[in-house]
Amino acid sequence: RVHGAQYIAGINPATIQRCTDIAIVDQKLKLDADRIEAIETFLKSKQEQKEECDLESMVNLGRIYMSDLSHLSKCLPKDRVFYPCVVLFYTYYSRNRPKCLMPLAIYLGRDDRQENQFYTPPVAEENQLCWLYAKMCALNADANSHIFETFLGNCYAALEPIIIAWPLV
């Protein structure tokens, strides 16, 4: 619950977009049958029985959101430990709580050769540390995206030459 709130109220909330097509989700997360099953198992454990719990119906209902930071893999050296990521969120409804944005899956990695690059929230308690590590890598990628693109690219690289040249005009 806090992870989704950190994305919305954090430094780079414009990276989150509503998913309108299951093909885009499939392409970005490289979904196979095991990954879809892991996502839907988690959704079934959290949702009420009367709601649709498969990924395609959640996308059609407009309840799936994605933050795609995979483009960062092109600008970073290969010898650094940094994981560009794609984070999938869903809106969680409950009678006791207001609707909130919850992480559903995190895809880490630069290429397809890495193992353990797809994470879903653990239904049991044994994989809590792996899920926590994936969330930390995702927030780190979000902060680096803000520093490189928004702060450095849009502010300094774009505006500083104009500010320096302004007194000369």
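Just so it is clear, the structure is predicted and the values come from calculations on it, not from any experiment. (Residues numbered from 1 in each chain as written. Predicted model: local features only at pLDDT ≥ 70, side-chain atom pairs only at ≥ 80, totals over all residues. Heavy atoms only, no water.)

Caption draft 1: Highlighting the packing of helix H1 (residues 2-9) against helix H5 (residues 128-165). In the contact formed by H1 and H5, the axes pass within 12 Å of each other and the chain directions differ by 0 degrees. Relative to H5, the element H1 lies roughly parallel. In contact with His3, Gln6 and Tyr7 of H1, H5 contributes Lys135, Ala138, Leu139 and Asp142. (Axes fitted to C-alpha atoms, helices over the stretch in contact; angles between N-to-C directions. Helix = DSSP H or I, 4+ residues; strand = E, 2+ residues; numbered from the N terminus. Parallel < 35°, antiparallel > 145°, perpendicular 65-115°, else oblique. Contact = heavy atoms within 4.5 Å.)

Caption draft 2: Structural context of the sheet that holds strand S3 (residues 85-92). If you walk across this open sheet you meet the five strands as S1-S2-S3-S4-S5, and the pairing is antiparallel. Each edge of the sheet is formed by a strand with only one pairing partner; in this case those strands are strand S1 (16-18) and strand S5 (118-119). Of the pairings in the sheet, the one linking S3 to strand S4 (residues 100-108) comprises eight bridges and is antiparallel in character. When the sheet's bridge partners are listed, Phe89 is paired in S4 with Pro103. Of the strands in this sheet, S1, strand S2 (64-68), S3 and S4 are in contact with H1, which crosses S4 at around 90 degrees. Sitting on the sheet, H5 touches S3, S4 and S5, and the angle it makes with S4 is about 90 degrees. (Pairing = 2+ DSSP bridges.)

Caption draft 3: Broad picture of the layout of surface pockets. Considered as a void within the structure, the largest pocket measures approximately 250 Å³ in volume. Forming the walls of the largest pocket are 14 residues, and the residues nearest its centre are Phe118, Tyr119, Thr120, Asn127 and Cys130. When residues of the lining of the largest pocket are traced back to their parent elements, those giving at least two are helix H3 (33-46), S5 and H5. Tallied by class, the residues present in the lining of the largest pocket amount to nine nonpolar, four polar and one charged. (1 Å grid on protein atoms, 1.4 Å probe; cavity = no way out; pocket = protein on both sides within 12 Å on 5 of 7 lines; lining within 4 Å. Points joined across faces, edges and corners; volume = space filled by probe spheres on them. Nonpolar A, V, L, I, M, F, W, Y, C, P; charged D, E, K, R; others polar.)

Caption draft 4: Up close: the nonpolar core. Ranked by size, the top nonpolar core spans 22 residues in total, and within it Val25, Ile39, Ile64, Leu88, Tyr90 and Leu104 carry the most contacts. Those elements giving two or more residues to this core turn out to be helix H2 (22-29), H3, helix H4 (55-60), S2, S3 and S4. Those residues in contact with Ile64 that sit more than four places away from it in its chain are Arg18, Cys19, Leu55, Met58, Val59, Leu88, Phe89, Tyr90 and Leu104. (Core = buried A, V, L, I, M, F, W, Y, C linked by side-chain atoms within 4.5 Å. Buried < 20%, exposed > 50% of the residue type's maximum accessible area, 1.4 Å probe, protein only.)

That's the geometry; what it means functionally is another story.
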